[in-house]
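Architecture and fold: a report
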Amino acid sequence: MAEANPQKVFAPWEDPNQAPLIRFEGVTKKFGTFTAVDNLNLDIYRGEFFALLGPSGCGKTTLMRMLAGFEDPTMGNIWLDDVDVAPIPPNKRPVNMMFQSYALFPHLTVWDNIAFGLKRSDMPQEQIGDRVQAMLRLTRLEQFAKRKPHQISGGQRQRVALARSLAKAPKLLLLDEPLGALDKKLRQETQFELMDIQEKTGTTFVIVTHDQEEAMTVATRVAVMDHGKLVQVATPAGIYETPNSVYVADFIGEVNIIEGAAAPMGDGKVDIAFAEGVEPIHATIGEPVTAGQKVFFAIRPEKIHVGREPDPTRANRIRGKVHDIAYLGNISTYRVELETGQMISAQMTNARRLSRRDFTWEDEVWLSWTDTAGVVLTR
Amino acid sequence: MNLRRLTLILVPYLWLMGFFLVPFLIVVKIALSDTAIAIPPYWPVLDLSAGWTGIKEFFSELDFENFVFLTEDSLYWKSYLSSLQIASISTFLTLLVGYPIAYAMAQAPDEWRPTLMMLVILPFWTSFLIRVYSWVGIIANEGLLNQFLLWTGLISEPLQIMNTPTAVYIGIVYTYLPFMILPIYATLEKMDGSLIEAAVDLGCSRGKAFWLVTLPLSRPGMIAGCFLVFIPALGEFVIPSLLGGSQTLMIGKVLWEEFFSNRDWPVAAAVAVVLLMILVIPIMLFQRNQERQEEAGR
């Protein structure tokens, strides 16, 4: 986790002296009556691998297309390196894009595809060859230079698209669902490759994806979008551990949400009464809440301990019955029904062999978690 | 299963054999015969009742006289050349007119496309002959076009368009335009729009992107369209005889005269066979070349 290693964290967004590479200032984009991007403010810093994450139709692609210059904001300004990009046409922007469909030119060889942008620039002819060669080496495509796009595999095409968009050494590289067309195993390999290449070239990457796992893996920061607004912008760990809303908590990974009434206990502690006659949940809060306020307690399944006996070292202990077990090999997910009828997911690593597990379906178990394991959300 | 597959393959081949190869062989046979005042108007006629000697005699009578005759009279090779020229120029003009129309159709909003497509096909619903003939009313000396130009004062004398090659070009471009538009439109329409965006993103202006991406990618459509126009235009008979007058030499007209006016079937057949060769040989060469290019790309 990034926070655990304070000596060499890359976190320009926390440094007030850093000027952002990209600044969105009150940007709104409307298509007819539909508002795709709604009064959005966002800073992205040099060298970042920034992920825009959200369901389809949330405005993330529109945001990216505005950076590339294919869409103009209806209102607001976009600054790139302190220059307002609004009057700059897409072919003059120091921004390149890797398209979801890759958009490789089918009539040109891999070599010519990569050289395409360089030939349009003022780079002297003799340097173009070297640059293309360097890009081929970077993406390990040397032996495919003479092939046409339809003669190589999907993964190779993806690398050609990456090489082509990186060839002009843009200040900013936009990646539109770059791994969407690859199968799962290849996608995971390519994620690390992307991170590697981003580090090697030092280019600022902005990636659009609807795959939360992908965003978490590659990004320095993730922006979760919904209905044209940014819901939360934070590091992957920040998004996962301290989501600022039920929407974000629910969008990223699995989570249990328990609704209840808050009773502040002072010292940053809060008790949440969620059902009659059951002990309230003990939790810590980040933002102040008033007594009786409706709050949501969000806790990740892996933060809950499942056992035959209550764990006395943890502040919260609730009894329930095992409703379902999903055995995934390394871990098992238990769906436990509380006496109040709520269903809670809990995850345990299978440290012992399956045959030695001492509870099974319909067994009574205790769920235990500490008072810092979950987050209290007000929206 | 094998029988089914065999039938599937056999049916189109039998069709081609029955309706193309056999009639073509008959035409070749007539081209090798001599003209005669008889029914049918050529000789020899295969007489199977005479047995083996009959067949032998039949083949010994066939010769290349008519093909030699074609090279002796300058009318023929001049007609071929003039046809080639008229067909080439009008194919090129059709491409110039058709490409922008196809491009505009492909760029049009989705809901308009069926209507635009309909408009391109619509002229086919009227008789070809009437459509060509109505051009006479437009381009004749006292036709609509000349009357309009005289009225605006742009010209003081009517333009002589009728009975010139220009009239033939107008007729061919007008008639064959849909055959150019449709294949080009088909290639443009299925082109991925992000290719143009990618080209622009990599530094091209819109115009340059068109030149470097759209145009090369629509090449198959352009080639198909050119073939579809060039081939029928080369043997065109109706348009030159209605609009081109007596001065326009085209092989289709010569063929018609040999066949109906002179009733010289063997020479007419020879003209047709040579015309087919002129068409088939370049197409075969072109396809060989295409295949070789494909191979080289691999």
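Rules and cut-offs
- Residues numbered from 1 in each chain as written.
- Chains lettered and ligands numbered in written order.
- Predicted model: local features only at pLDDT ≥ 70, side-chain atom pairs only at ≥ 80, totals over all residues.
- Helix = DSSP H or I, 4+ residues; strand = E, 2+ residues; numbered from the N terminus.
- Buried ≥ 20, exposed ≤ 12 C-beta atoms within 10 Å, placed from the backbone.
- Contact = placed C-beta atoms within 7 Å.
- pLDDT = per-residue confidence, 0-100.
- Core = buried A, V, L, I, M, F, W, Y, C linked by C-beta atoms within 7 Å.
- Domains from an automatic or database assignment.
- Pairing = 2+ DSSP bridges.
- Axes fitted to C-alpha atoms, helices over the stretch in contact; angles between N-to-C directions.
- Nonpolar A, V, L, I, M, F, W, Y, C, P; charged D, E, K, R; others polar.
- Expected span 1.5 Å × (residues − 1).
- Arc of directions from axis to C-beta.

So, the overall build of chain A
Each helix and strand in chain A was counted, giving eight helices and 20 strands. Looking at chain A as a whole, 37% of its 379 residues qualify as buried. Looking at chain A alone, contacts between residues at least 24 apart form 64% of all its contacts between residues at least 6 apart.

Topic: the confidence of the model for chain A
Confidence in the prediction of chain A, expressed as mean pLDDT, is 89, and 97% of residues score 70 or more. pLDDT under 50 marks residues 1–6 of chain A. Its contacts with residues more than four places away, or in other chains, come to five contacts.

Remarks on the nonpolar core
Generally speaking, nonpolar side chains in soluble globular proteins are found buried as a group. With 102 residues, the main nonpolar core has Ala51, Leu67, Leu174 and Val206 of chain A as its most contacted residues. Per-domain counts for this core show at least three residues from each of domain 1 (2–94 + 170–250) and domain 2 (254–377) of chain A. In this structure, Val206 of chain A is in contact with Ile44, Phe50, Leu52, Met64, Leu67, Leu172 and Leu174 of chain A, ignoring residues within four places of it in sequence. Within the second largest apolar cluster, 48 residues are counted, among which are Tyr42, Ile170, Tyr176 and Ile181 of chain B.

Details of the environment of Gly143 of chain B
Residues and elements named next belong to chain B. Looking at the element boundaries, Gly143 is found in the loop between helix 6 (128–139) and helix 7 (144–152). Taking the C-alpha atoms as reference points, Gly143 and Leu159, separated by 16 residues in sequence, lie 10.0 Å from one another. If we skip the residues at most four places from it in the chain, Gly143 touches Gly137 and Ile138.

Brief notes about the sheet that holds strand 15 (residues 305–307) of chain A
All names here are of chain A. Strands sit in the order 15-19-16-17-18 across an open sheet of five strands; the sheet is antiparallel. Two strands lie at the open edges of the sheet, namely strand 15 and strand 18 (343–349), each paired on one side alone. Neighbour-to-neighbour, the strand axes of the sheet open up by a mean angle of 45°, direction not taken into account. Pairing analysis gives six bridges linking strand 16 (residues 316–327) to strand 19 (residues 364–369), with the strands arranged antiparallel. Within strand 19, the position partnered with Ile318 by the bridge is Leu367.

Regarding the interface of chain B and chain A
At the junction of the two partners, chain B supplies 16 residues and chain A supplies 18 residues. Secondary structure elements with two or more residues in the side of chain B that touches chain A: helix 9 (193–201) and helix 10 (206–217) of chain B. By residue number, the principal contributor to the side of chain B that touches chain A is helix 9 of chain B, which donates six residues. Classifying every residue of the side of chain B that touches chain A gives eight nonpolar, four polar and four charged.

Thoughts on the domain arrangement of chain A
By the assigned domains, chain A splits into domain 1 (2–94 + 170–250) and domain 2 (254–377). Along the lines of polarity and charge, the residues of the side of domain 1 of chain A that touches domain 2 of chain A split into three nonpolar, two polar and one charged.

Some remarks on helix 5 (residues 184–201) of chain A
Residue and element names in this part refer to chain A. For helix 5, which comprises 18 residues, the first-to-last C-alpha distance of 26 Å matches the rise-based estimate of 26 Å (1.5 Å per residue) to within 8%. Considered for burial, the residues of helix 5 that qualify are Thr190, Leu194 and Gln198. One face of helix 5 carries all of its buried residues, which in axial projection span an arc of 80°. Across helix 5 from its buried face, at more than 90 degrees, point the exposed residues Lys185, Phe192, Asp196, Glu199 and Lys200. Those residues of helix 5 that are buried lie in contact with strand 3 (49–53), helix 4 (154–166), strand 8 (204–209) and helix 6 (212–218). Positive backbone phi, approximately 70°, marks Gly202, located one or two places after helix 5.

Re the sheet that holds strand 7 (residues 172–176) of chain A
Within a sheet, neighbouring strands are paired by backbone hydrogen bonds and run either parallel or antiparallel to one another. All names here are of chain A. Across the sheet, which stays open at both edges, the six strands sit in the order 6-7-8-3-9-10 with mixed pairing between neighbours. What marks the edges here is a single partner per strand, and that holds for strand 6 (95–98) and strand 10 (229–234). The sheet shows a mean angle of 20° between the axes of neighbouring strands, taken without regard to direction. With five bridges joining them, strand 9 (residues 221–226) and strand 10 adopt antiparallel strand pairing. Paired with Val222 across the two strands is Ala234, which belongs to strand 10. On the sheet, helix 4 packs against strand 6 and strand 7 and is oriented at approximately 175° with respect to strand 6.

Looking at the pairing of strand 7 of chain A
On a regular strand, each side chain points to the face opposite its neighbour's, so the side chains alternate between the two faces of the sheet. Residue and element names in this part refer to chain A. Of all the five residues making up strand 7, five are buried; the element is thus mostly covered by neighbouring parts of the structure. Of the two faces of strand 7, the one lined by Leu172, Leu174 and Asp176 and the one lined by Leu173 and Leu175 are each fully buried. Pairing geometry for strand 6 and strand 7, over four bridges, is parallel. Bridged to Met97 within strand 7 is Leu174. Note that strand 7 and strand 8 share five bridges and pair parallel.

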